[in-house]
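Examining the three-dimensional arrangement
Below are the chains, spelled out letter by letter.
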Amino acid sequence: MKRILLPAGGAILATGLLAAGLAGTASASGVVDDAPLTPNNKVAETVDFWLKANGAALRAAQVYRYDYKEVDKVVMKGGYTPDTKPGSTAPIGEEKKATVKVQNVNLPKTIGKVFFEGRDGKLYWCSATSIQSQYHNLVSTAGHCVYQTGANGHVLDRWVFVPGYYQGKAPWGIYVGKQAFTHYDFANYEDYDRDYAFVTVYNGITLGNGDKKVVSKADWDKYEGIKDAYDVEISEAEYQKTVDLNGGETSDAWAKTSSSDDLVGPDWRGPKGERPALAFKEVSKEEFEAAPADLRVQGHRTKFFPRTEFVTESEYKNYSGPGYRKIDAKGNYTITHYSLTYFVKRTSSTKYYKTVWYVFAGFSKDVGRLGDNVGGQGFAWNQPTGKYVRTFGYPGGEHPDGNKPYTGVTPKWCYNKTNTKRTVVAAIKAEELVSLKCAVTPGYNGSPWLLKYSNAKRLGYVNGVTSAVFGDLDSNNRYDTIYSSYFDGETAAVYKAASAVWSGKVG
């Protein structure tokens, strides 16, 4: 274990005792990182993006493999040491029921895909599942499918969950992410031993025709469904006409004046003899060194730069600007700033705008909570390894040899025992991963590992999620192994924090 936390007891918990039963599982101090995903006033815009044109964006999304690592060789070490007693939370609807066994494998209603936009502007997807929570509004997936690591990463944009996804269809609605909960070490230090996330989602919206309908402000105020508004630029003539009709500015027309800096030469003079002003732009060390030193040349090096400041370790690690980061010989954390100077003339311009009001025709107002519609898997932590689990997800990528056996359209499953030894993957600095023999491909990342899965009830206990790593242990250029974080007391602390947060309706 990388951390030592306060111990706590564990047992099968009834849903009414969910919050109380998990209390004290692990100290949340220094463990939980939470970040907002989509504010309520942006939910309609997110839904419109994914569902317009009959779900075209959903069908266009690709397998997510950002920060994905190929693993040819791994190291196996000793077994796991739980940090608290084993514990679990029952699935939705199964808090006091006995398990019924059947032979056939039935896919759970809870599984689906999460869709999002990466920093590169492309659309991606991972696998995920609905999971038990106090407000029946929680999704379990991999941390890298929520929080983009690398280059001072951040939460991914336009994040939604579609349970039962199939070829652009959302049979139980689309659920927009509200708040993401990850382990602090994953969000801040890219610790792939903590590659899991729990996301609260708003109530679901059903798939309609995806078209916007522009309406009047009065009709917009009365509309009880999904609606939004945006500002558009208009001509000065349209602005003046509207102002004259209304006796002044309204949401139908208003003016906005903005300033800008136009580049000029050092000898520029204005009509009243004005001289050029100086504008400064912070740049990288490389840009600074490549810029001219001549003070009369546009974009020259600024005097008194570079300038070095001392910062804290946290400021150093979280800094994302163009400055040059360095730990000096004495162990101090420093950031050196560079700046270029430009000659500009100050100008101003006026533009005219109006607000367009629109509603989402064809969408249901509200299909209710995620867990009420598809159920929710249970949650288990500090369980012994070497137990059988079922995993369900959407593989869609190719094997290293180029073979692509899966389409990513329909879910697949694996059934096997988890390895009793810890897996060390140096490429991602992971030391405590759990491995499982399973010949799937990327796209399966984020899929739940379900302990004690009941085929009759299609429910079990989430005791892992497929990480970004896919292994080829027999070196035949075909993936044969998947990996998960070991779910311990700190995982339970993150889950506890997420499972008690309300998200509510849209709009």
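This text goes with the structure placed above it.
Before going into details, it helps to say that this report is about the structure given with it. (Residues numbered from 1 in each chain as written. Predicted model: local features only at pLDDT ≥ 70, side-chain atom pairs only at ≥ 80, totals over all residues. Heavy atoms only, no water.)

Here the focus is the state of the cysteines. Scanning the model with the defined rule gives two disulfides in all. Each sulfur in the disulfide pair Cys 414 and Cys 438 lies 2.0 Å from the other. Here the S-S torsion is close to 75°, and the disulfide linking Cys 414 with Cys 438 is therefore right-handed. Placement of Cys 414 in strand S23 (residues 412-417) and of Cys 438 in the loop between strand S25 (430-437) and strand S26 (448-454) is noted, with a sequence separation of 24 residues between them. (Disulfide = S-S within 2.5 Å. Helix = DSSP H or I, 4+ residues; strand = E, 2+ residues; numbered from the N terminus.)

Those residues of helix H5 (residues 236-246) that fall on the buried side of the exposure criterion are Tyr 239, Thr 242 and Val 243. End-on, the buried residues of H5 take up no more than an arc of 100°, which puts them together on one face. Residues Ala 237, Lys 241, Asp 244 and Leu 245 are exposed on H5 and point more than 90 degrees away from its buried face. Directly beyond the C-terminal end of H5, a positive phi value near 75° is found at Gly 247. (Buried < 20%, exposed > 50% of the residue type's maximum accessible area, 1.4 Å probe, protein only. Arc of directions from axis to C-beta.)

Turning our attention to the packing of aromatic side chains. One pass over the full model with this rule turns up 23 aromatic pairs. Measuring from ring centre to ring centre gives 5.9 Å for Phe 470 and Tyr 479, while their planes differ by 55°; the resulting arrangement is tilted. By relative accessible area, which is 1% here, Phe 470 ends up buried. Using a relative accessible area of 3% as the deciding quantity, one classes Tyr 479 as buried. One residue, Lys 113, lies across the ring of Trp 125, its end atom 3.6 Å from the ring centre. The ring of Phe 288 carries Arg 301 above its face, with NZ or CZ at 5.4 Å from the centroid. (Phe/Tyr/Trp six-rings, centres within 6.5 Å; stacked < 30°, edge-to-face > 60°. Lys NZ or Arg CZ within 6 Å of the ring centre and 35° of its normal.)

Ranked by size, the top nonpolar core spans 34 residues in total, and within it Val 114, Phe 116, Val 139 and Trp 159 carry the most contacts. With sequence-adjacent residues up to four places away left out, Phe 116 is seen in contact with Trp 50, Tyr 64, Lys 122, Leu 123, Tyr 124, Trp 125, Cys 126, Cys 145, Leu 156, Asp 157, Arg 158 and Trp 159. (Core = buried A, V, L, I, M, F, W, Y, C linked by side-chain atoms within 4.5 Å. Contact = heavy atoms within 4.5 Å.)

Attention shifts here to a nonpolar patch on the surface. Taken together, the side chains of Leu 107, Tyr 388, Trp 413 and Tyr 415 make up a nonpolar region of the molecular surface, amounting to roughly 400 Å² of accessible area. By the secondary structure assignment, Tyr 388 is in strand S22 (residues 388-393). (Patch = residues over 30% accessible without salt bridge, like charges linked within 9 Å, V, L, I, M, F, W, Y side chains within 5 Å. Areas by Shrake-Rupley, 256 points an atom, 1.4 Å probe, with all protein chains shown as cover. Salt bridge = Lys/Arg side-chain N within 4 Å of Asp/Glu carboxyl O.)

Per the stated rule, a full pass over the model turns up 13 salt bridges. The shortest N-O distance in the salt bridge between Arg 346 and Asp 261 comes to 2.6 Å. Remark: Asp 261 occurs in strand S15 (residues 254-263) and Arg 346 occurs in strand S20 (residues 333-361); sequence separation between them is 85 residues. By relative accessible area, which is 53% here, Arg 346 ends up exposed.

What follows covers the environment of Val 367. Here Val 367 lies in the loop between S20 and helix H8 (370-374). For Val 367 and Trp 172, which are 195 residues apart along the polypeptide, the C-alpha to C-alpha distance reads 8.1 Å. Among residues more than four places away in sequence, those in contact with Val 367 are Trp 172, Tyr 175, Gly 204, Ile 205, Thr 206 and Asn 373.

Right, let's talk about unusual backbone geometry for a bit. With an omega dihedral of 5°, the bond running from Phe 305 to Pro 306 counts as a cis peptide bond. Its place among the elements puts Pro 306 in the loop between strand S17 (300-301) and strand S18 (307-311). If you check the backbone angles, Glu 190 has positive phi at about 55° while not being a glycine. Considering the arrangement of structural elements, one finds Glu 190 in the loop between helix H3 (184-189) and strand S12 (197-201).

Our focus in this paragraph is helix H9 (residues 489-499). Most of H9 is tucked away: nine of the 11 residues are buried. At the N-terminal boundary of H9, the capping side chain belongs to Asp 488, with an oxygen 3.0 Å from the backbone nitrogen of Glu 490. (Polar contact = N/O pair within 3.5 Å; in protein donor to acceptor, adjacent residues only side chain to side chain.)

Attention now moves to the side chain of Asn 106. Its place among the elements puts Asn 106 in the loop between strand S6 (87-89) and strand S7 (111-117). You can call Asn 106 buried: its relative accessible area is 18%. There is a polar contact of 2.9 Å between the side chain of Asn 106 and the backbone oxygen of Asn 455. Those residues in contact with Asn 106 that lie beyond four places of it in its chain are Phe 392, Tyr 453, Asn 455 and Arg 458.

This brings us to the side chain of Arg 390. Position of Arg 390 among the secondary structure elements: in strand S22. Discounting residues that sit within four places of it in the chain, Arg 390 has contacts with Val 105, Trp 413, Cys 414, Tyr 415, Pro 448, Trp 449, Leu 450, Tyr 453 and Asn 455.

Attention now goes to the environment of Thr 336. Tracing the backbone shows Thr 336 in strand S20. Assessed through its relative accessible area of 10%, Thr 336 is described here as buried. Sequence spacing of Thr 336 and Pro 322 is 14 residues, and the spatial spacing of their C-alpha atoms is 9.2 Å. Each residue touching Thr 336, except ones within four places of it in the same chain, is listed here: Pro 306, Arg 307, Thr 308, Gly 323 and Tyr 324. Within the local environment of Thr 336, its side chain forms a polar contact with the side chain of Thr 308, the two groups lying 2.9 Å apart.

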